[in-house]
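Summary of structural features
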Amino acid sequence: DSGVTQTPKHLITATGQRVTLRCSPRSGDLSVYWYQQSLDQGLQFLIQYYNGEERAKGNILERFSAQQFPDLHSELNLSSLELGDSALYFCASSVSWTKNIQYFGAGTRLSVL
Amino acid sequence: AQSVTQLGSHVSVSEGALVLLRCNYSSSVPPYLFWYVQYPNQGLQLLLKYTTGATLVKGINGFEAEFKKSETSFHLTKPSAHMSDAAEYFCAVSGNYGGSQGNLIFGKGTKLSVKP
(Lines give C-alpha, C1' and ligand atoms only; values in the text may rest on other atoms or scores of the structure.)
Protein backbone atom coordinates (compact mmCIF):
# COMPACT_ATOMS: atom_id res chain seq x y z
CA ASP A 1 0.00 0.00 0.00
CA SER A 2 1.56 3.28 -1.19
CA GLY A 3 -0.50 5.44 1.15
CA VAL A 4 -2.05 7.34 -1.78
CA THR A 5 -5.81 6.87 -1.99
CA GLN A 6 -7.81 7.36 -5.15
CA THR A 7 -11.57 7.23 -5.47
CA PRO A 8 -13.53 5.91 -7.17
CA LYS A 9 -11.74 2.81 -8.50
CA HIS A 10 -14.00 2.59 -11.51
CA LEU A 11 -16.18 5.13 -13.25
CA ILE A 12 -18.49 4.50 -16.18
CA THR A 13 -20.14 7.46 -17.82
CA ALA A 14 -21.43 8.73 -21.13
CA THR A 15 -19.99 11.13 -23.68
CA GLY A 16 -20.56 14.76 -22.87
CA GLN A 17 -20.68 14.17 -19.13
CA ARG A 18 -18.47 15.56 -16.37
CA VAL A 19 -16.73 13.55 -13.66
CA THR A 20 -14.51 14.25 -10.67
CA LEU A 21 -11.65 12.03 -9.58
CA ARG A 22 -10.33 12.36 -6.08
CA CYS A 23 -6.89 11.79 -4.61
CA SER A 24 -5.62 11.83 -1.02
CA PRO A 25 -1.82 12.00 -0.88
CA ARG A 26 0.41 10.22 1.60
CA SER A 27 0.54 11.83 5.01
CA GLY A 28 3.12 14.62 4.92
CA ASP A 29 3.35 14.84 1.13
CA LEU A 30 2.76 18.35 -0.22
CA SER A 31 3.00 17.63 -3.93
CA VAL A 32 0.35 15.87 -6.01
CA TYR A 33 0.69 14.77 -9.62
CA TRP A 34 -1.92 13.49 -12.05
CA TYR A 35 -1.09 11.08 -14.88
CA GLN A 36 -3.17 9.48 -17.62
CA GLN A 37 -2.43 5.96 -18.84
CA SER A 38 -3.95 4.86 -22.13
CA LEU A 39 -3.08 2.14 -24.62
CA ASP A 40 -2.15 4.54 -27.40
CA GLN A 41 -0.48 7.35 -25.43
CA GLY A 42 1.08 5.39 -22.59
CA LEU A 43 1.67 7.17 -19.27
CA GLN A 44 1.43 10.93 -19.63
CA PHE A 45 1.88 13.64 -17.06
CA LEU A 46 -1.12 15.93 -16.77
CA ILE A 47 -0.58 18.40 -13.96
CA GLN A 48 1.22 18.96 -10.66
CA TYR A 49 0.24 20.87 -7.52
CA TYR A 50 2.43 21.79 -4.62
CA ASN A 51 0.89 22.93 -1.35
CA GLY A 52 -2.24 24.17 -3.07
CA GLU A 53 -0.58 25.91 -6.01
CA GLU A 54 -0.31 24.66 -9.57
CA ARG A 55 3.36 24.06 -10.28
CA ALA A 56 3.61 22.35 -13.64
CA LYS A 57 1.36 21.45 -16.53
CA GLY A 58 1.80 18.69 -19.04
CA ASN A 59 -0.45 17.37 -21.76
CA ILE A 60 -3.67 18.33 -20.05
CA LEU A 61 -6.65 19.17 -22.22
CA GLU A 62 -8.54 22.41 -21.68
CA ARG A 63 -11.62 20.31 -20.82
CA PHE A 64 -9.70 18.98 -17.82
CA SER A 65 -8.92 20.91 -14.67
CA ALA A 66 -7.58 20.15 -11.24
CA GLN A 67 -7.13 21.70 -7.85
CA GLN A 68 -5.48 20.95 -4.53
CA PHE A 69 -7.36 21.85 -1.40
CA PRO A 70 -6.05 23.17 1.95
CA ASP A 71 -6.13 19.64 3.39
CA LEU A 72 -3.87 18.70 0.43
CA HIS A 73 -6.28 16.32 -1.26
CA SER A 74 -6.69 16.91 -4.96
CA GLU A 75 -9.45 16.57 -7.49
CA LEU A 76 -9.21 16.13 -11.25
CA ASN A 77 -12.27 17.34 -13.12
CA LEU A 78 -12.93 15.99 -16.61
CA SER A 79 -15.73 17.60 -18.60
CA SER A 80 -17.38 17.22 -22.02
CA LEU A 81 -16.09 13.68 -21.98
CA GLU A 82 -15.21 11.93 -25.23
CA LEU A 83 -14.67 8.25 -26.00
CA GLY A 84 -10.94 8.91 -26.19
CA ASP A 85 -10.83 10.05 -22.57
CA SER A 86 -11.31 6.45 -21.47
CA ALA A 87 -8.13 5.63 -19.58
CA LEU A 88 -6.59 4.88 -16.22
CA TYR A 89 -5.94 8.05 -14.24
CA PHE A 90 -3.24 7.93 -11.60
CA CYS A 91 -2.48 10.27 -8.79
CA ALA A 92 0.96 10.34 -7.24
CA SER A 93 2.37 12.27 -4.32
CA SER A 94 5.77 13.27 -3.05
CA VAL A 95 7.15 15.34 -0.20
CA SER A 96 8.29 17.99 -2.66
CA TRP A 97 9.44 18.06 -6.26
CA THR A 98 13.12 17.78 -5.35
CA LYS A 99 14.52 14.27 -5.57
CA ASN A 100 11.04 13.54 -6.83
CA ILE A 101 10.28 10.14 -5.37
CA GLN A 102 6.66 9.77 -6.31
CA TYR A 103 4.27 7.27 -4.78
CA PHE A 104 1.33 6.22 -6.91
CA GLY A 105 -2.25 5.41 -6.06
CA ALA A 106 -4.07 2.41 -7.53
CA GLY A 107 -5.75 4.58 -10.14
CA THR A 108 -9.25 5.34 -11.33
CA ARG A 109 -10.37 3.52 -14.44
CA LEU A 110 -12.64 5.76 -16.49
CA SER A 111 -14.82 4.26 -19.18
CA VAL A 112 -16.68 6.69 -21.45
CA LEU A 113 -19.46 4.99 -23.42
CA ALA B 1 13.46 18.24 -23.42
CA GLN B 2 13.47 14.77 -22.00
CA SER B 3 12.40 11.43 -23.38
CA VAL B 4 12.69 7.74 -22.58
CA THR B 5 12.94 4.80 -24.95
CA GLN B 6 12.36 1.28 -23.73
CA LEU B 7 13.56 -1.33 -26.20
CA GLY B 8 11.16 -4.21 -26.48
CA SER B 9 7.52 -3.88 -25.54
CA HIS B 10 7.49 -7.52 -24.49
CA VAL B 11 10.28 -9.63 -23.00
CA SER B 12 9.92 -13.30 -22.14
CA VAL B 13 12.38 -15.23 -19.96
CA SER B 14 12.45 -18.59 -18.25
CA GLU B 15 12.26 -18.86 -14.50
CA GLY B 16 15.79 -18.60 -13.11
CA ALA B 17 17.15 -16.80 -16.18
CA LEU B 18 18.66 -13.34 -16.30
CA VAL B 19 16.25 -10.46 -16.70
CA LEU B 20 17.46 -7.49 -18.77
CA LEU B 21 15.09 -4.64 -19.56
CA ARG B 22 16.57 -1.83 -21.61
CA CYS B 23 16.06 1.89 -21.13
CA ASN B 24 17.72 4.79 -22.92
CA TYR B 25 17.01 8.38 -22.05
CA SER B 26 17.46 11.77 -23.55
CA SER B 27 17.83 14.76 -21.29
CA SER B 28 19.21 18.24 -21.73
CA VAL B 29 19.94 18.41 -18.00
CA PRO B 30 21.48 15.87 -15.62
CA PRO B 31 18.72 13.38 -15.04
CA TYR B 32 17.07 11.60 -12.22
CA LEU B 33 16.14 8.10 -13.40
CA PHE B 34 13.56 5.65 -12.10
CA TRP B 35 12.19 2.19 -12.68
CA TYR B 36 8.60 1.46 -11.71
CA VAL B 37 6.71 -1.84 -11.82
CA GLN B 38 3.00 -2.23 -12.46
CA TYR B 39 1.22 -5.45 -11.57
CA PRO B 40 -2.16 -6.13 -13.20
CA ASN B 41 -4.91 -3.82 -11.93
CA GLN B 42 -2.53 -2.02 -9.60
CA GLY B 43 -0.73 1.28 -9.45
CA LEU B 44 2.96 1.85 -10.07
CA GLN B 45 5.47 0.79 -7.45
CA LEU B 46 8.95 2.29 -7.30
CA LEU B 47 11.62 -0.36 -7.89
CA LEU B 48 14.70 1.84 -7.74
CA LYS B 49 16.00 5.32 -8.46
CA TYR B 50 19.18 7.07 -9.50
CA THR B 51 19.61 10.62 -8.27
CA THR B 52 23.28 11.27 -7.62
CA GLY B 53 26.28 9.29 -6.41
CA ALA B 54 26.84 5.62 -7.09
CA THR B 55 25.88 4.68 -10.61
CA LEU B 56 24.92 1.10 -9.73
CA VAL B 57 21.62 1.26 -7.93
CA LYS B 58 20.03 -1.60 -6.05
CA GLY B 59 16.29 -1.78 -5.65
CA ILE B 60 13.64 -4.01 -4.23
CA ASN B 61 13.00 -7.65 -5.16
CA GLY B 62 16.60 -8.22 -6.26
CA PHE B 63 16.56 -5.73 -9.14
CA GLU B 64 19.38 -3.34 -9.93
CA ALA B 65 20.18 -0.80 -12.61
CA GLU B 66 23.30 0.98 -13.76
CA PHE B 67 23.39 4.59 -14.88
CA LYS B 68 25.76 4.93 -17.84
CA LYS B 69 26.05 8.54 -18.84
CA SER B 70 28.19 7.84 -21.91
CA GLU B 71 25.56 5.48 -23.25
CA THR B 72 22.57 7.46 -21.88
CA SER B 73 21.27 4.17 -20.54
CA PHE B 74 19.69 2.90 -17.36
CA HIS B 75 19.06 -0.81 -17.98
CA LEU B 76 17.27 -2.89 -15.35
CA THR B 77 18.62 -6.34 -14.46
CA LYS B 78 17.88 -9.23 -12.14
CA PRO B 79 20.15 -12.30 -12.04
CA SER B 80 17.40 -14.87 -11.66
CA ALA B 81 13.78 -14.36 -12.71
CA HIS B 82 10.92 -15.50 -10.52
CA MET B 83 7.35 -16.13 -11.59
CA SER B 84 6.25 -13.24 -9.39
CA ASP B 85 8.33 -10.83 -11.51
CA ALA B 86 5.80 -11.04 -14.33
CA ALA B 87 4.52 -7.47 -14.66
CA GLU B 88 4.96 -4.33 -16.73
CA TYR B 89 8.04 -2.25 -16.09
CA PHE B 90 8.37 1.46 -16.77
CA CYS B 91 11.52 3.54 -16.99
CA ALA B 92 11.12 7.25 -16.20
CA VAL B 93 13.24 10.39 -16.20
CA SER B 94 13.04 13.81 -14.66
CA GLY B 95 15.45 16.68 -14.38
CA ASN B 96 17.48 17.10 -11.23
CA TYR B 97 17.35 20.82 -10.55
CA GLY B 98 15.12 23.85 -10.73
CA GLY B 99 12.22 23.85 -13.14
CA SER B 100 13.26 20.53 -14.65
CA GLN B 101 12.38 18.72 -11.48
CA GLY B 102 8.94 17.42 -10.83
CA ASN B 103 6.95 15.49 -13.35
CA LEU B 104 8.15 12.15 -14.66
CA ILE B 105 8.51 11.34 -18.33
CA PHE B 106 7.78 7.64 -18.82
CA GLY B 107 8.78 5.15 -21.45
CA LYS B 108 6.13 3.02 -23.17
CA GLY B 109 6.74 0.14 -20.82
CA THR B 110 8.04 -3.42 -21.17
CA LYS B 111 5.82 -6.34 -20.30
CA LEU B 112 7.86 -9.13 -18.71
CA SER B 113 6.62 -12.70 -18.95
CA VAL B 114 8.26 -15.48 -16.95
CA LYS B 115 7.93 -19.05 -18.21
CA PRO B 116 8.08 -21.95 -15.76
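Here's what I pulled together on the structure shown here.

Conventions and cut-offs
Residues numbered from 1 in each chain as written. Chains lettered and ligands numbered in written order. Predicted model: local features only at pLDDT ≥ 70, side-chain atom pairs only at ≥ 80, totals over all residues. Heavy atoms only, no water. Contact = heavy atoms within 4.5 Å. Buried area = accessible area lost by both parts, 1.4 Å probe. Salt bridge = Lys/Arg side-chain N within 4 Å of Asp/Glu carboxyl O. Polar contact = N/O pair within 3.5 Å; in protein donor to acceptor, adjacent residues only side chain to side chain. Helix = DSSP H or I, 4+ residues; strand = E, 2+ residues; numbered from the N terminus. Nonpolar A, V, L, I, M, F, W, Y, C, P; charged D, E, K, R; others polar. Buried < 20%, exposed > 50% of the residue type's maximum accessible area, 1.4 Å probe, protein only. Core = buried A, V, L, I, M, F, W, Y, C linked by side-chain atoms within 4.5 Å. Disulfide = S-S within 2.5 Å. Phe/Tyr/Trp six-rings, centres within 6.5 Å; stacked < 30°, edge-to-face > 60°.

Tallying the contact residues gives 20 residues for chain B and 21 residues for chain A. Here chain B meets chain A over a buried area of about 1,600 Å², counting both sides, of which 56% is carbon and sulfur. Linking chain B with chain A are 0 salt bridges, by the criterion used here. Taken together, the connections running from chain B to chain A amount to 3 residue pairs in polar contact (both at pLDDT 80 or more). Mapped by element, the contributors of at least two residues to the side of chain B that touches chain A are β4 (31-38), β5 (44-50) and β9 (87-95) of chain B. Looking at which element gives the most residues to the side of chain B that touches chain A, the answer is β4 of chain B, with 4 residues. The residue inventory of the side of chain B that touches chain A, partitioned by class, reads 8 nonpolar, 10 polar and 2 charged.

Now for the pattern of salt bridges. Residues and elements named next belong to chain B. Summed over the entire model, instances satisfying the criterion amount to 5 salt bridges over all chains. Residue glutamate 64 pairs with lysine 58 through a salt bridge whose shortest N-O separation is 2.8 Å. Residue classification places glutamate 64 among the partly exposed residues on the basis of a relative accessible area of 23%. Judged by its relative accessible area of 61%, lysine 58 falls in the exposed class. In this structure, aspartate 85 engages lysine 78 in a salt bridge whose closest nitrogen and oxygen atoms are separated by 2.9 Å. You can call aspartate 85 buried: its relative accessible area is 2%. The class for lysine 78 is buried, based on a relative accessible area of 11%.

Within soluble globular proteins, side chains that are nonpolar tend to cluster in buried spots. By size, the foremost hydrophobic cluster in this structure holds 27 residues, and its most contacted members are Trp35, Leu48, Leu76 and Tyr89 of chain B. In contact with leucine 76 of chain B, not counting residues within four places along its chain, are Val19, Leu20, Leu21, Trp35, Leu47, Leu48, Phe63, Glu64, Ala65 and Tyr89 of chain B. Listed in part, the 21 residues of the second largest apolar core include Trp34, Leu46, Ile60 and Cys91 of chain A.

The next point concerns the state of the cysteines. All names here are of chain A. All told, the structure shown has 2 disulfides over all chains when counted by the stated rule. Put simply, cysteine 23 and cysteine 91 are joined by a disulfide, and their sulfur atoms are 1.8 Å apart. Since a negative S-S torsion denotes a left-handed disulfide, the cysteine 23-cysteine 91 link at about -55 degrees is left-handed. Taken as a pair, cysteine 23 in strand β3 (residues 19-24) and cysteine 91 in strand β9 (residues 87-94) lie far apart in primary sequence, 68 residues in all.

Here the focus is the packing of aromatic side chains. All names here are of chain B. Within the structure shown, the criterion is met by 13 aromatic pairs over all chains. For the pair phenylalanine 63 and tyrosine 89, a centre-to-centre distance of 5.5 Å together with 45 degrees between the ring planes defines the contact as tilted. Of the two residues, phenylalanine 63 is situated in the loop between β6 (56-58) and β7 (64-68) and tyrosine 89 in strand β9; the sequence distance between them amounts to 26 residues. Since its relative accessible area comes to 2%, phenylalanine 63 is described here as buried.

Let us look at the environment of glutamine 42 of chain B. When you line up the elements, glutamine 42 of chain B lands in the loop between β4 and β5. C-alpha of glutamine 42 of chain B to C-alpha of glutamate 71 of chain B: the two residues are 29 residues apart in sequence and 32 Å apart in space. Setting aside chain neighbours within four positions, we find glutamine 42 of chain B in contact with Phe90 and Ala106 of chain A.

With that out of the way, let us pick up unusual backbone geometry. As a rule of thumb, non-glycine residues mostly have phi less than zero, and peptide bonds are mostly trans rather than cis. Following threonine 7 of chain A, the chain continues to proline 8 of chain A via a peptide bond in cis, the omega torsion being -10 degrees. Turning to its location among the elements, proline 8 of chain A is positioned in the loop between β1 (5-7) and β2 (10-13). Within the chain, asparagine 61 of chain B stands out as a residue other than glycine whose phi angle is a positive 60 degrees. Position of asparagine 61 of chain B relative to the elements: it lies in the loop between β6 and β7. A positive phi angle, near 45 degrees, is found at threonine 72 of chain B, a position not held by glycine. Within the fold, threonine 72 of chain B resides in the loop between β7 and β8 (73-78).

Let us now look at the side chain of glutamine 44 of chain A. Residues and elements named next belong to chain A. In this fold, glutamine 44 is placed in strand β5 (residues 42-50). Side-chain polar atoms of glutamine 44 contact the side chain of asparagine 59, separated by 2.6 Å. Those residues in contact with glutamine 44, other than ones at most four positions away along the chain, are Trp34, Tyr35, Gln36 and Asn59.

Scope: geometric values only; no functional claims are made or implied.
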